[in-house]
Protein chains: 2
Amino acid sequence: MPTNKPTVKKKPQVTASPERRRELLDTAAEVFAAQGYNATTVRKIADAAGMLAGSLYYHFDSKESMLDEILSAFLTELWDGYDTVLAAGLGPRETIEALVTESFREIDRHRAAVAIYQKESRTLSAQPRFHYLSDSQQKFEKAWLGTLERGVEAKVFRSDLDIRLTYRFVRDTVWVAASWYRPGGQHSPEEIARQYLSMVLDGIALRPT
Amino acid sequence: MPTNKPTVKKKPQVTASPERRRELLDTAAEVFAAQGYNATTVRKIADAAGMLAGSLYYHFDSKESMLDEILSAFLTELWDGYDTVLAAGLGPRETIEALVTESFREIDRHRAAVAIYQKESRTLSAQPRFHYLSDSQQKFEKAWLGTLERGVEAKVFRSDLDIRLTYRFVRDTVWVAASWYRPGGQHSPEEIARQYLSMVLDGIALRPT
DNA sequence: TAACCTACCAAACACTTGTTAGGGAAGCTT
DNA sequence: AAGCTTCCCTAACAAGTGTTTGGTAGGTTA
């Protein structure tokens, strides 16, 4: 990261069209997801977009800004869906089911962003600019863990498990899917959610009838 | 990557002591795991090791070699354990249990290497040098998926699930643990394995007795 | 004491990185 | 026709990158 400018916050390109920005952000997200943020040079992004490196700076004021915009756009949409689910006043089991299903829908729509989030969020959240990642993660934990706890109290979830372990288990099983999921595969997001929920809730072992 | 030399394959430092190499590789693995391979500069590794960047080249002939050695050492040990389990001739359920337990032990011992593997293996396996990662992954899939299929035939695992989905489910739940696991935590690897297996096999929902 | 080996340092190298400044072609507005 | 706006290119910059070369302090061996 050269040219460390003294906080002169240049105003971004107000003239650039939002559709083009979206387009470029989508290809950038794709490259970030495939190669990793740090391994991705702005020249690679420009290549994928059919332009030269410097031209990107007409639309964005830094590589970091692109990443920022990709992640925050994703999180905004994600919480839009989550908040709707959480406000519905469902029971614990139904809440978990709805959250998982919603998550797979988000993976379907924001595969690249989710993959980036998964790979980079831990290192990024140390940076002040990306502190909202930590905030989101806390909110996330509160929602999921809270629902699990409610479920244990209501005797719909097992009480003999470490609840935090259970939380990480459920959370991870859902979100790692972004690493292999490809839209247009043989299973719809809803079908994947159904099977995942079946495994998480009832296990993969065959029970004697 | 500057100084593109014409394939003059310099012989590595035969004089360097193996213990010191191990020591340096351990600190390198720690930095790689924390920051990501590409984001890690050789100067950061040298810093963590208390020496200067150039001095690393007395022990290793490139940054890539360090990564290579870290990953291949881990995989060697991993397959040592796996092969023992697979050769034991256990039933499907017992094999899965043993594989999961063994995996958590490996995570305990090679936390950094596992984390690196998780983050970088997909991009690395394209490079010829790291093609053994793909080989390992195939062997991995064969072992796990095969066991699951045997289990379905033997009626110890459910047959109403997409078997490949199940495979990825089990695989991922185990290995993502490396991203949050810290040795010396409140649960031993064996205890984590026990609870994970309980969740994967029987689910988290409370069943009516 | 002399020669040698081990493990490091100091300083540079060639190249890549994110970013910027100035320019210009096409299209729209006046 | 003149001016303006949008979107890109050309060409460079300064800092950071992995790596090499030559040197050297301290221990071991002869």
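Basis of the calculations
Residues numbered from 1 in each chain as written. Chains lettered and ligands numbered in written order. Predicted model: local features only at pLDDT ≥ 70, side-chain atom pairs only at ≥ 80, totals over all residues. Heavy atoms only, no water. Axes fitted to C-alpha atoms, helices over the stretch in contact; angles between N-to-C directions. Helix = DSSP H or I, 4+ residues; strand = E, 2+ residues; numbered from the N terminus. Parallel < 35°, antiparallel > 145°, perpendicular 65-115°, else oblique. Left-handed = near helix turned anticlockwise from the far one by under 90°. Contact = heavy atoms within 4.5 Å. Nonpolar A, V, L, I, M, F, W, Y, C, P; charged D, E, K, R; others polar. Least-squares fit on C-alpha atoms with pLDDT ≥ 70 in both. Phe/Tyr/Trp six-rings, centres within 6.5 Å; stacked < 30°, edge-to-face > 60°. Buried < 20%, exposed > 50% of the residue type's maximum accessible area, 1.4 Å probe, protein only. Lys NZ or Arg CZ within 6 Å of the ring centre and 35° of its normal. UniProt positions renumbered as here; feature names shortened; annotations may be inferred. Core = buried A, V, L, I, M, F, W, Y, C linked by side-chain atoms within 4.5 Å. Expected span 1.5 Å × (residues − 1). Polar contact = N/O pair within 3.5 Å; in protein donor to acceptor, adjacent residues only side chain to side chain. Buried area = accessible area lost by both parts, 1.4 Å probe. Salt bridge = Lys/Arg side-chain N within 4 Å of Asp/Glu carboxyl O.

- The name given to chain A in an unreviewed UniProt entry is AcrR family transcriptional regulator, with the source organism recorded as Streptomyces avidinii.

## As for the packing of helix α8 (residues 163–175) of chain A against helix α9 (residues 189–202) of chain B
Move 1: Put simply, α8 of chain A and α9 of chain B touch, their axes get as near as 11 Å, and they point 55° apart. For the element pair α8 of chain A / α9 of chain B, the angle class is oblique. Remark: the crossing between α8 of chain A and α9 of chain B carries right-handed chirality. Taking contact as the criterion, the partners of Leu165, Thr166 and Phe169 of chain A in α8 of chain A are, on α9 of chain B, Ile192, Gln195, Tyr196, Met199 and Val200 of chain B.
Move 2: Split into classes, the residues belonging to the contact of α8 of chain A with α9 of chain B amount to 6 nonpolar, 2 polar and no charged.

## Looking at the relation of the copies chain A and chain B
Move 1: After a rotation of 180° and a shift along the axis of 0.0 Å, chain A superposes on chain B with an RMSD of 0.0 Å. Within this description, the copies of the chain are treated as partners about a two-fold rotation axis. Taking C-alpha positions as the reference, the residue of chain A nearest the rotation axis is Gly203 of chain A, at 1.9 Å.
Move 2: Of all interface residues in chain A, 100% are interface residues in chain B too; the two copies therefore contact each other through one and the same surface.

## A look at the packing of aromatic side chains
Move 1: Across all of its chains, the model carries 25 aromatic pairs over all chains by this definition.
Move 2: Taking 5.6 Å as the distance between ring centres and 35° as the angle between the ring planes, the aromatic pair formed by Tyr82 of chain B and Phe140 of chain B counts as tilted. Taken together, the residues span a long stretch of sequence, with Tyr82 of chain B in helix α4 (residues 63–86) and Phe140 of chain B in helix α7 (residues 131–153) at a distance of 58 residues.
Move 3: Of the residues examined, Tyr82 of chain B reaches a relative accessible area of 0% and is grouped as buried.
Move 4: What makes Phe140 of chain B buried here is its relative accessible area of 7%.
Move 5: Considering the side-chain rings of Phe104 of chain B and Tyr196 of chain B, the 5.1 Å spacing of their centres and the 70° angle between planes classify their relative orientation as edge-to-face. Of this pair, Phe104 of chain B sits in helix α5 (residues 92–109) while Tyr196 of chain B sits in helix α9, placing them 92 residues apart in sequence.
Move 6: Taking the relative accessible area as the measure of exposure, Phe104 of chain B reaches 2% and is therefore buried.
Move 7: One aromatic cluster is present, built from ring pairs that chain together Phe74, Trp79, Tyr82, Tyr117, Phe140, Trp144 and Trp175 of chain A.
Move 8: One Lys or Arg, Lys63 of chain A, reaches over the ring of Tyr37 of chain A and ends 4.4 Å from the middle of that ring.
Move 9: Against the face of Trp79 of chain A rests Lys139 of chain A, its NZ or CZ located 4.1 Å from the ring centre.

## Brief notes about the UniProt feature "domain: HTH tetR-type" (unreviewed entry) in chain A
Move 1: Here the UniProt-annotated "domain: HTH tetR-type" (unreviewed entry) positions come out as residues 18–78 of chain A.
Move 2: For residues 18–78 of chain A, the end-to-end C-alpha separation is 21 Å, with 75% helix and 0% strand making up the annotated structure.

## A word on the UniProt feature "DNA-binding region" (unreviewed entry) in chain A
Move 1: As annotated by UniProt and renumbered to match this structure, "DNA-binding region" (unreviewed entry) occupies residues 41–60 of chain A.
Move 2: Along residues 41–60 of chain A the backbone is 60% helical and 0% strand, and the end-to-end C-alpha distance reaches 15 Å.

## Here's the deal with the nonpolar core
Move 1: The biggest cluster of nonpolar side chains holds 130 residues, and the ones touching the most others in it are Trp144 and Ile204 of chain A together with Trp144 and Ile204 of chain B.
Move 2: When near neighbours in sequence (up to four residues on either side) are disregarded, Ile204 of chain A contacts Met199 of chain A together with Leu148, Phe157, Arg158, Leu161, Thr166, Phe169, Val170, Val200 and Leu201 of chain B.

## Quick word on helix α8 (residues 163–175) of chain B
Along an α-helix, residues three or four positions apart point the same way, because every turn accommodates 3.6 residues.
Residues and elements named next belong to chain B.
Move 1: Taking 1.5 Å as the rise per residue, α8 with 13 residues should run 18 Å; its terminal C-alpha atoms sit 18 Å apart, in good agreement.
Move 2: Across the 13 residues of α8, 10 count as buried, placing the element largely inside the fold.
Move 3: Buried residues of α8: Leu165, Thr166, Tyr167, Phe169, Val170, Arg171, Asp172, Thr173, Val174 and Trp175, and no others.
Move 4: Of the residues that open α8, the one with a side-chain oxygen 2.9 Å from the backbone nitrogen of Arg164 is Asp162.

## Some points on the interface of chain A and chain B
Move 1: With 41 residues of chain A in contact, the opposing surface of chain B contributes 41 residues.
Move 2: Between chain A and chain B, a total of about 4000 Å² is buried, with carbon and sulfur atoms accounting for 63% of that surface.
Move 3: A per-residue breakdown of the area chain A buries against chain B is headed by Arg158, Phe169 and Ile204 of chain A, which together make up 18% of the total.
Move 4: Taken together, the links from chain A to chain B amount to 0 salt bridges.
Move 5: Contributions of two or more residues to the side of chain A that touches chain B are made by α1 (18–35), α6 (111–124), α8 and α9 (189–202) of chain A.
Move 6: Here the residues of the side of chain A that touches chain B sort into 19 nonpolar, 11 polar and 11 charged.

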